[in-house]
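Architecture and fold: a report
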Amino acid sequence: MAPRVATLDASTWDAFAELVERNNGVFGGCWCIGWHPECGQRVDHRAVKQARVLDDAAHAALVLDDDGRAQAWAQWGTPDELPGIKHRRAYVQEPPPHPDWRIACVYVDRRHRGQGLARLAVEGALAQVAAAGGGLVEAIAEVTEGREAQGRFLFSGTVELFESLGFARGRQLGKHAHVVSRTVGPVAAPA
């Protein structure tokens, strides 16, 4: 059976939490709140993330294996939900068109990297964005072509992955970071 994509919500919280705990809190205990307004505050990251999920104020596409264990995710949300972007200073100097949505964090369990799960997670996030009404989606991703990039710098995905999913490369923000964007159409509601 192939991995499947699920929405991060109350029913999948335990699978998400188990993945984060299995990976030491992800990126030093971040719990994927580094893009949320609470980043940098002295808070219980797990509790903040759980509260946001239960309040529908945090979104992600989870990739679940045959046993229902989460192995990857792609976090997405509005710019208000995810204001903490990489290279903010360069971004605001010459901001791109205001996005409706951001894909912020793309994470794959260390033991499952190189199996296409990041792609599946981002595709799932795009499908969830379409179900939420669609619009302009942006990410700030890292170029990996022609260089050896360490995984800890790829938490927002790679430019190459996003380009393969129809995103256009925009302005360069850092040594290897670029804004990428794509418009996603809404999914028609069933009749």
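For the structure, check the block above.
Predicted model, so just to flag it, every value in this text is computed and none were measured.

What follows deals with the pairing of strand β4 (residues 101–108). Side-chain direction in a regular strand flips from residue to residue, so the side chains alternate between the two faces of the sheet. Counting buried residues along β4, 8 of its 8 residues qualify, which places the element largely inside the surrounding structure. Across 5 bridges, strand β3 (residues 70–77) lies against β4 in antiparallel orientation. Bridged to Ala-72 within β4 is Val-108. The pairing of β4 with strand β5 (residues 135–142) spans 2 bridges and is classified as parallel. Looking at β5, one finds that Trp-101 is bridged to Val-137. Chirality of the crossover, the property in question, places the unit of β4, helix α4 (residues 117–131) and β5 among those that are right-handed.

Moving on, we get to the nonpolar core. Ranked by size, the top nonpolar core spans 30 residues in total, and within it Leu-8, Trp-13, Phe-16, Trp-73 and Ile-140 carry the most contacts. Broken down by secondary-structure element, the contributors of at least two residues to this core are α1 (13–22), β2 (59–64), β3, α3 (88–93), β4 and β7 (177–184). Ranked by residues supplied to this core, first place goes to α1 with 6 residues. Residues Ala-72, Ala-74, Val-106 and Ala-125 belong to the second largest nonpolar core, which totals 27 residues.

This part covers the packing of α1 against helix α2 (residues 45–54). Running from amino to carboxyl end, α1 crosses α2 at an angle of 155°, the nearest separation of the two axes being 12 Å. Accordingly, the angle class assigned to the pair α1 and α2 is roughly antiparallel. In the packing of α1 onto α2, the handedness of the crossing is right-handed. Counted together, Trp-13, Phe-16, Ala-17 and Glu-21 of α1 and Arg-46, Lys-49, Gln-50 and Val-53 of α2 form the full contact between these two elements. Among the residues forming the contact of α1 with α2, the class breakdown is 4 nonpolar, 1 polar and 3 charged.

Our next topic: unusual backbone geometry. A positive phi is found at Asp-56, a non-glycine position, where the angle reads about 60°. As for its placement among the helices and strands, Asp-56 is situated in the loop between α2 and β2. For Asp-56, a relative accessible area of 54% puts it in the exposed group.

Attention shifts here to the side chain of Arg-102. For Arg-102, the location among the structural elements is in strand β4. Leave out the neighbours within four places in its chain, and Arg-102 touches Gln-75, Trp-76, Gly-77, Pro-79, Leu-82, Pro-83, Ile-85, Tyr-91 and Glu-138.

If you walk through the whole model with that rule in mind, you get 5 aromatic pairs. Taken together, Trp-13, Phe-16, Trp-73 and Tyr-107 form an aromatic cluster joined through their ring pairs.

Attention shifts here to the environment of Ala-61. Its place among the elements puts Ala-61 in strand β2. For Ala-61, a relative accessible area of 0% corresponds to the buried category. Sequence separation between Ala-61 and Arg-182 is 121 residues; the distance between their C-alpha atoms is 18 Å. In contact with Ala-61, other than residues within four places in its own chain, are Val-5, Ala-6, Ala-72, Trp-73, Ala-74, Trp-76, Ala-121, Gly-124, Ala-125 and Gln-128.

Here is what the cut-offs are and how they apply
Residues numbered from 1 in each chain as written. Predicted model: local features only at pLDDT ≥ 70, side-chain atom pairs only at ≥ 80, totals over all residues. Heavy atoms only, no water. Buried < 20%, exposed > 50% of the residue type's maximum accessible area, 1.4 Å probe, protein only. Helix = DSSP H or I, 4+ residues; strand = E, 2+ residues; numbered from the N terminus. Pairing = 2+ DSSP bridges. Right-handed = clockwise from strand over helix to strand, strands pointing away. Core = buried A, V, L, I, M, F, W, Y, C linked by side-chain atoms within 4.5 Å. Axes fitted to C-alpha atoms, helices over the stretch in contact; angles between N-to-C directions. Parallel < 35°, antiparallel > 145°, perpendicular 65-115°, else oblique. Left-handed = near helix turned anticlockwise from the far one by under 90°. Contact = heavy atoms within 4.5 Å. Nonpolar A, V, L, I, M, F, W, Y, C, P; charged D, E, K, R; others polar. Phe/Tyr/Trp six-rings, centres within 6.5 Å; stacked < 30°, edge-to-face > 60°.

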